[in-house]
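Structural characterization, general
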Amino acid sequence: MGLIKMTKYRTLVLATIGFNFSFLIWFSFAPFTGPIADEFGLTTAEIGILASSAIWMAPFGRMLTGWLSDKFGAPAIFAIVLAYVGVFSMASAFAQDYSLFFVTRLIVATAGITFVIGIQHVAEWFEEENLGLAEGIYAGVGNAGAAGGALILPRVFGTGWSGPLFATSWRAAFFYTGIVSIVLAVAYYTLGEAAKSEEKRQATKDNASFKDWLHTATRYGTVVLALAYVMSFGLELSMNGWLATYYREAFNQDNLVVASTFAATFSVAAGLLRPIGGYVSDVLARKEKDILPFFEGRYREQWTFVTLCFIVVTMFAMTLAGLSGVLMNAVVIGFLVGTACAFAEGSIFAMVPSMFPNSSGAVAGVVGGVGTVGGIIYPLIYSAPWLANLHLGYSIVAASMIPIVLLSAWVFQPEIARVANTAGFVGGSSSTETVPSGDD
């Protein structure tokens, strides 16, 4: 029992604050890639590897923590992650050898696994008809932590910063954000309550066996939403870690603060607009409104499909904007890519707890974990040495997304969508979840 009596709104605020800071500390390296590269002698390709490495631990980590949150409750798991992330962030501030620095930042990057913990926590408190908006607010404001990092950290710990312990800006940033992470860990453990009722907590815990997890992970709905998350959230991760470098290198913009600010416009859109994606999904489901001539009666699925198509179009446009040679064209289209990511992510995580009400942590773990793969692969494409220029990688990524869009069109067909949470690629049906009769 927490020190303050928790309500669903207080739980939403607590989870959102925790995840917002997790996202900030996750990508706290991005505004400082220039000074870090100078100090350790890194090439542009090696910076791309550093950006990619921020995601390496997330796939397995999210799957594990999603299940652990179902089994042991979100407050304890969230607090543990925040605590060790803070310790290793502080340690990275003292690293003089690049190999040691790389390893410590790899561990700090597991801050991203807190996403599924908070998703599970919010789902344990909110009713189904408002889940899309609640999860959208949580994830959207939380994701904006990346923008906060890009906007705040270079200004607080600018290149001319000096103070106790450190004369180097990025080292100071990593040390003090680590301290804040540990403080938040204590607050989350002290204040948080796992579910709105003991009955709800027990129902979730009862579905937390490994057998149930394996079954849930292979359902049609889980698989297609996980792949859709690769091309939305995975894309967001890759852009958060890459755009500051892209705007600096591709357009010869050597001002650290300006390049980071341009990159932050993407993060603001991808974060703060995410609640719209969830809200639209909720409204379409409540009003039973079709917005496409196909997938009739599958209201959440229709909106998700539209958002996935929006991502592909804007990514092709990103290449065209870059090839124009006008920096502001790329910044504007980057903002639209962020908007598309936000709408898709909000829509996807409106579907997750709605489709799997008693296994939201497990499914969020699979979807969120697999989704981060895009954040690992896409930066390697953006910075690939065989590309003629830094603008072409966006179109290659867009082309790779088309098969996912086609798979979603197959799963979202009404006859398949109706059993997408019980029928799957492996094994038969399970009685742990009810078959959705519609998008309710």
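What you are looking at is a predicted structure, and each value in this text was computed from that prediction instead of being measured.

On to the overall build of the protein chain. Regarding its fold elements, the protein chain presents 22 helices and zero strands. In summary, the protein chain has a C-alpha radius of gyration of 21 Å against a globular reference of 22 Å for 440 residues, a match within 12%. Structurally, the protein chain occupies a C-alpha span of about 60 × 50 × 35 Å along its principal axes. Residue burial in the protein chain is summarised as follows: out of 440 residues, 62% are buried. The contacts in the protein chain between residues at least 6 apart in sequence include a share of 81% that link residues at least 24 apart. About 15700 Å² of surface is accessible on the protein chain, with carbon and sulfur atoms providing 69% of the total. Put simply, the protein chain has 22 plus and 28 minus side-chain charges, and the middle of one group is 4 Å from the middle of the other.

For the structure on display, the rule yields 43 aromatic pairs. Ring geometry for Phe19 and Tyr138: centres 5.2 Å apart, planes at 25°, overall stacked. Of this pair, Phe19 sits in helix H1 (residues 8–26) while Tyr138 sits in helix H8 (residues 131–143), and the two are 119 residues apart along the sequence. Comparing Phe19 with Tyr138 shows no difference in burial state: the two are buried. Sitting over the face of the ring of Phe174, Arg105 holds its NZ or CZ atom 3.8 Å from the ring centroid.

Turning our eyes to something else, we now look at the packing of helix H3 (residues 44–53) against helix H20 (residues 373–382). Interaxial distance between H3 and H20 falls to 8 Å at its minimum, and their mutual angle equals 170°. Classified by the angle their axes make, H3 and H20 are roughly antiparallel. Within the contact between the two elements, H3 uses Gly48, Ile49, Ala51 and Ser52 and H20 uses Gly375, Ile376, Pro379 and Leu380. Of the residues contributing to the contact of H3 with H20, the split by class is five nonpolar, three polar and no charged.

Here we come to the pattern of salt bridges. Applying the stated rule across the entire model yields seven salt bridges. Ionic pairing is found between Glu345 and Arg274, a salt bridge with its closest N-O pair at 3.2 Å. Linking Glu345 in helix H18 (residues 327–355) with Arg274 in helix H16 (residues 274–287), this pair joins segments that are 71 residues apart in sequence. With respect to burial, Glu345 and Arg274 carry one shared label: buried. The salt bridge partner of Arg300 is Asp282, with a shortest N-O separation of 3.0 Å. Of this pair, Arg300 sits in helix H17 (residues 299–323) while Asp282 sits in helix H16; the two residues are 18 residues apart in sequence, bridging distant segments of the chain.

Mapped onto the fold, Leu390 is located in the loop between H20 and helix H21 (393–411). A sequence separation of 152 residues divides Leu390 from Ser238, and the C-alpha atoms of the two residues are 14 Å apart. Setting aside residues up to four positions removed in sequence, Leu390 forms contacts with Trp242, Tyr246, Glu249, Ala250 and Tyr382.

Next up on the list: a nonpolar patch on the surface. A cluster of nonpolar side chains, Leu133, Ile137, Val141, Leu272 and Tyr279, forms an exposed patch at the surface whose accessible area comes to about 380 Å². Here the nonpolar patch takes three residues from H8, the largest share from any one element. Looking at the secondary structure, you find Val141 in helix H8. Judged by relative accessible area, which is 32%, Val141 ranks as partly exposed.

Rules and cut-offs
- Residues numbered from 1 in each chain as written.
- Predicted model: local features only at pLDDT ≥ 70, side-chain atom pairs only at ≥ 80, totals over all residues.
- Heavy atoms only, no water.
- Helix = DSSP H or I, 4+ residues; strand = E, 2+ residues; numbered from the N terminus.
- Rg over C-alpha atoms; globule rule 2.2 N^0.38 Å.
- Buried < 20%, exposed > 50% of the residue type's maximum accessible area, 1.4 Å probe, protein only.
- Contact = heavy atoms within 4.5 Å.
- Areas by Shrake-Rupley, 256 points an atom, 1.4 Å probe, with all protein chains shown as cover.
- Lys, Arg positive; Asp, Glu negative; His and termini not counted.
- Charge placed at Lys NZ, Arg CZ, Asp CG, Glu CD.
- Phe/Tyr/Trp six-rings, centres within 6.5 Å; stacked < 30°, edge-to-face > 60°.
- Lys NZ or Arg CZ within 6 Å of the ring centre and 35° of its normal.
- Axes fitted to C-alpha atoms, helices over the stretch in contact; angles between N-to-C directions.
- Parallel < 35°, antiparallel > 145°, perpendicular 65-115°, else oblique.
- Nonpolar A, V, L, I, M, F, W, Y, C, P; charged D, E, K, R; others polar.
- Salt bridge = Lys/Arg side-chain N within 4 Å of Asp/Glu carboxyl O.
- Patch = residues over 30% accessible without salt bridge, like charges linked within 9 Å, V, L, I, M, F, W, Y side chains within 5 Å.

Remember, this is a structural readout, not a statement about activity or role.
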